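Structural characterization, general
In case you want the letters, here they are:
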Amino acid sequence: MLHVGALVEDIRKSEPLITASRKDQVVHLILRLQEKLGQPVDHKFHLFKVLRAHILPLTNVAFNKSGSCFITGSYDRTCKVWDTASGEELRSLEGHRNVVYAIAFNNPYGDKIATGSFDKTCKLWSVDTGKCYYTFRGHTAEIVCLSFNLQSTLVATGSMDTTAKLWDIQNGEEVVRLTGHSAEIIALSFNTTGDRVITGSFDHTVAVWDVDTGRRIHTLIGHRAEISSAQFNWDCTLIITGSMDKTCMLWNALSGKRVATLSGHDDEVLDVCFDYTGQRIATASADGSARVYDAETKKCIAKLEGHGGEISKICFNPQGSRILTASSDKTARLWDPQTGQCIQILEGHNDEIFSCAFNYKGNIIITGSKDNTCRIWR
């Protein structure tokens, strides 16, 4: 363990904003970070609760930042808010006229929820009261993806109508319309600074947009089939894209140039993600395997093999010490990203698992399945 005092001195030398009077604060933050990174890696997860959440299949699950509550979207046209500690339903957000497909908290704040629906609208809700602040109208087809910027000033929606829109969450107005894709947009994400947003489309391309002007800055061309997912790394320098063409591609976010093609999967790549530091990339495929790549060397570090069906979702825990995968074989699995070894199998769902998530501490997992249930593991 690094000596904290020495580390803070190093930080102070290179960062003039951190004055002597702030030193204790920085020490406190670093101690908290060490504690977080020191969470026991060998934690075994146990089923805590089965939530028979909806009368029709779920579409998505998402935690707020602290993990104190989470949300589920469903074909039953509602989004429900749940208390993680008790497994109780806190409220049901009702008003959409069709499937609630895309859902998100405005993390890190967690006081608002956005829901995107097949009814072509997106709604903004208060977590505390369940009141609907705004209904964003303007898309001419289903909304299938959405995201808040980290600053919690905008929500972006992506639609089957080939456009994405940015909405002001203070006044409910459409700020910018992103047009130019020739097919459905099925993935979008902001960078951490909030000045760029990327959209991934069935037209085989990913577009990088300037948030203020709505101008397209780069088109990432190279994939030979539909895009399945696209994400920035934490410092906004790289973009990873996954495609139905069985490959992932790594791009320089500033120049829009392709840095590497990560191949190896035998079937469609269904999900991709960076770890929180942006040093490693995880990929999930319809071939039933997942892979871990080093973002620096572009080499495959580990192959995660053992699922008996396609893997639709993959994510790192915040510490980067575990990978979680969700599969159509009705299980979720925990893996060691260094060795590729399967650490634990989360069993019990009666149908495919399409969604999984860690809380920010990395000690609670939720899984969402086509069996209409959501499970809390801790």
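Above: the structure in question.
A short tour of the structure in this document, coming up.

The rules we used
Residues numbered from 1 in each chain as written. Predicted model: local features only at pLDDT ≥ 70, side-chain atom pairs only at ≥ 80, totals over all residues. Heavy atoms only, no water. Pairing = 2+ DSSP bridges. Helix = DSSP H or I, 4+ residues; strand = E, 2+ residues; numbered from the N terminus. Axes fitted to C-alpha atoms, helices over the stretch in contact; angles between N-to-C directions. Buried < 20%, exposed > 50% of the residue type's maximum accessible area, 1.4 Å probe, protein only. Polar contact = N/O pair within 3.5 Å; in protein donor to acceptor, adjacent residues only side chain to side chain. Core = buried A, V, L, I, M, F, W, Y, C linked by side-chain atoms within 4.5 Å. Contact = heavy atoms within 4.5 Å. Phe/Tyr/Trp six-rings, centres within 6.5 Å; stacked < 30°, edge-to-face > 60°. Lys NZ or Arg CZ within 6 Å of the ring centre and 35° of its normal. Salt bridge = Lys/Arg side-chain N within 4 Å of Asp/Glu carboxyl O.

What to know about the sheet that holds strand β24 (residues 290–294)
The strands making up a sheet associate through backbone hydrogen bonding, with each pair oriented either parallel or antiparallel. Strand order in the open sheet formed by four strands is β22-β23-β24-β25, and the pairing between neighbours is antiparallel. Each edge of the open sheet carries a strand with a single partner, namely β22 (269–274) and β25 (300–304). The mean angle between the axes of side-by-side strands here comes to 15°, regardless of whether they run parallel or antiparallel. As defined by bridge partners, β22 adjoins strand β23 (residues 280–285) across five bridges and the pair is classed as antiparallel. By the bridge assignment, valine 269 is partnered in β23 with serine 285.

Some details on the sheet that holds strand β11 (residues 154–159)
Taken in spatial order, the four strands line up as β10-β11-β12-β13 in an open sheet, and their pairing is antiparallel. Of all the strands in the sheet, the pair left with one neighbour each is β10 (143–148) and β13 (174–178). On average, each strand axis in the sheet is tilted by 20° relative to the strand beside it, whichever way the strands run.

Remarks on the pairing of strand β2 (residues 58–63)
Burial analysis of β2 places six of its six residues in the buried class, the great majority of the element. Sheet analysis places β2 next to strand β3 (residues 69–74), joined by five bridges and oriented antiparallel. Each residue of the ladder has a partner; that of phenylalanine 63, found in β3, is phenylalanine 70. Taken together, β2 and the strand that follows it, β3, pair antiparallel across an intervening segment of five residues, in which glycine 67 is found at a positive phi of about 85°.

Regarding the environment of threonine 162
Inspection of the secondary structure puts threonine 162 in the loop between β11 and β12 (164–168). Here threonine 162 falls in the partly exposed class, since its relative accessible area comes to 22%. As a C-alpha pair, threonine 162 and serine 201 span 39 residues in sequence and 7.8 Å in three-dimensional space.

Side note on the side chain of lysine 80
Mapped onto the elements of the fold, lysine 80 is located in strand β4 (residues 79–83). The buried category is assigned to lysine 80, whose relative accessible area is 12%. Of note is the side chain of lysine 80, whose polar atom sits 3.5 Å from the side chain of glutamate 89.

Describing the nonpolar core
Ranked by internal contacts, the top residues of the largest apolar core, which has 15 residues, are Leu166, Leu178, Phe190, Val197 and Val211. Listing elements by their share of this core, those giving two or more residues are β10, β11, β12, β13, β14 (185–190) and β16 (206–210). The contact partners of valine 211, leaving out residues within four places of it in the chain, are Leu154, Leu166, Val176, Phe190, Gly194, Asp195, Arg196 and Val197. Counting 13 residues, the second-largest nonpolar core is a separate cluster that includes Ala53, Leu58, Phe70 and Phe354.

As for the environment of leucine 51
Along the chain, the position of leucine 51 falls in strand β1 (residues 47–51). Residues within four places of leucine 51 in sequence aside, it is in contact with Phe70, Trp82, Gly87, Asn372, Thr373, Cys374 and Ile376.

Regarding the packing of aromatic side chains
For the coordinates displayed, the defined rule picks out six aromatic pairs. Both rings, one in phenylalanine 63 and one in phenylalanine 70, keep their centres 5.9 Å apart while their planes meet at 70°; by these two values the pair is edge-to-face. By the burial criterion, phenylalanine 63 is buried, and phenylalanine 70 matches it. Aromatic ring contacts, followed pair by pair, group Phe63, Phe70 and Trp82 into a single cluster. Between the NZ or CZ atom of lysine 65 and the centre of the ring of tyrosine 360, over which it lies, the distance is 4.3 Å. Above the face of the phenylalanine 48 ring, arginine 378 is positioned so that its terminal group lies 4.0 Å from the ring centre.

Focus on the environment of leucine 31
Structurally, the position occupied by leucine 31 is in helix α2 (residues 23–37). Each C-alpha atom, one on leucine 31 and one on valine 4, is 7.6 Å from the other, the two residues being 27 residues apart in sequence.

Notes on the pattern of salt bridges
For the structure shown, the criterion picks out eight salt bridges. Among the salt bridges present, the one from lysine 80 reaches glutamate 89, with a minimum N-O distance of 3.5 Å. A salt bridge links aspartate 275 to arginine 280, with the nearest nitrogen and oxygen atoms 3.0 Å apart. Judged on exposure class, the residue aspartate 275 and its partner arginine 280 are both buried. In the salt-bridge network here, residues are joined through shared partners; they are Asp195, Arg196 and Asp210.

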